Amino acid sequence: MMSHYKAVIFDLDGVITDTAHYHYLAWKRLAESLDLPFDEAFNEQLKGVDRMGSLELILAQGSRSFTQEEKRALADAKNRHYVELIATMTPGDVLPGVLRALDEVRGAGLKIGLASVSKNAFTVLDKLGIRNRFDEVVDAALIANSKPHPEIFLTAARQLGVAAADCLGVEDAVAGVASIKDAGMVAVGVGSPQVLTRADVVIPSMEHFRLADY
Ligand code: BG6
Ligand code: MG
């Protein structure tokens, strides 16, 4: 099969595996410990946003101010909880349709990249046993600007040696779709078209991913 793309760059949390739910649970517990409101709708704004950026959005829901040191401690507490939640993940936690999609992309001769701002991305890929399926995985520690900034998708394209215009990006987050579009790529959203309004196409789950359709 021929494709007019040269690479597909995937997000991790919420696309490859359901770690978006674990991030949600960990932030919810932290927010509630501070008596701050937290629900699924608010959580949409956090998806794709890095750890400190997410914490700032949560703290902005209240009026109390925190020192940098206190913020660091809160972010560390959230991460400890998150790391506990992902500890039992196995290859069985790859979402349905993902392995088939990776095979389809590989079979079409395209390169495969991963663009996650999570500092836990390598750990999650190893737990899932799929790290070797990606030609390039961006190291989140080297990214200065979290999604929605296009830096991470542009970095993935550069690591793959492919022009941004020849890449397809796959994302479940509003901020992630913005990152793909502002990088000059075509965006496949995974989720709801009412939420992922900037995506070029939206599929309800990775089981519906068909490279030939985009
Ligand atoms: C993104 C998630 O992939 O990574 C966010 O969508 C998360 O919810 C961010 O906050 C940072 O993750 P981590 O593991 O570095 O705290
Ligand atoms: Mg995501």
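Residues numbered from 1 in each chain as written. Chains lettered and ligands numbered in written order. Predicted model: local features only at pLDDT ≥ 70, side-chain atom pairs only at ≥ 80, totals over all residues. Heavy atoms only, no water.

Considering the pattern of salt bridges
- Enumeration according to the criterion identifies twelve salt bridges in this entry.
- In this structure, Glu44 engages Lys47 in a salt bridge whose closest nitrogen and oxygen atoms are separated by 3.1 Å.
- Under the relative-accessibility criterion, Glu44 is labelled partly exposed at 24%.
- For Lys47, a relative accessible area of 21% gives the class partly exposed.
- Between Arg198 and Asp182 there is a salt bridge, with the nearest N and O atoms lying 2.9 Å from each other. You can see Arg198 sitting in the loop between β5 (186-190) and β6 (201-203) and its partner Asp182 sitting in helix α8 (residues 174-182), a full 16 residues away along the chain.
- Several salt bridges share partner residues, and in doing so they unite Asp11, Lys147 and Glu171 into one network. (Salt bridge = Lys/Arg side-chain N within 4 Å of Asp/Glu carboxyl O. Buried < 20%, exposed > 50% of the residue type's maximum accessible area, 1.4 Å probe, protein only. Helix = DSSP H or I, 4+ residues; strand = E, 2+ residues; numbered from the N terminus.)

A few points about the side chain of Thr155
- With respect to the secondary-structure elements, Thr155 resides in helix α7 (residues 151-160).
- For Thr155, a relative accessible area of 10% corresponds to the buried category.
- Setting aside anything within four residues of it in sequence, one finds Thr155 in contact with Val138 and Ile143. (Contact = heavy atoms within 4.5 Å.)

Considering the packing of aromatic side chains
- Following the criterion strictly, the structure yields four aromatic pairs and no others.
- For the pair Phe10 and Phe209, a centre-to-centre distance of 6.0 Å together with 45 degrees between the ring planes defines the contact as tilted. Placement of Phe10 in strand β1 (residues 7-10) and of Phe209 in the segment after β6 is noted, with a sequence separation of 199 residues between them. The two residues Phe10 and Phe209 agree in class, both being buried. (Phe/Tyr/Trp six-rings, centres within 6.5 Å; stacked < 30°, edge-to-face > 60°.)

Topic: the site of ligand 1
- Lining the immediate environment of ligand 1, one finds 14 residues, of which Asp13, Arg51, Ser118, Lys119 and Asn120 sit closest.
- Backbone polar atom of Lys119 to an oxygen atom of ligand 1: 2.7 Å apart, as the coordinates give it.
- Among the secondary structure elements, those contributing two or more residues to the shell around ligand 1 are α1 (19-33) and α3 (51-59).
- Taken together, the residues of the shell around ligand 1 break down into four nonpolar, six polar and four charged.
- Per-domain counts for the shell around ligand 1 show at least three residues from each of domain 1 (7-17 + 92-213) and domain 2 (20-86). (Near = heavy atom within 4 Å. Polar contact = N/O pair within 3.5 Å; in protein donor to acceptor, adjacent residues only side chain to side chain. Nonpolar A, V, L, I, M, F, W, Y, C, P; charged D, E, K, R; others polar. Domains from an automatic or database assignment.)

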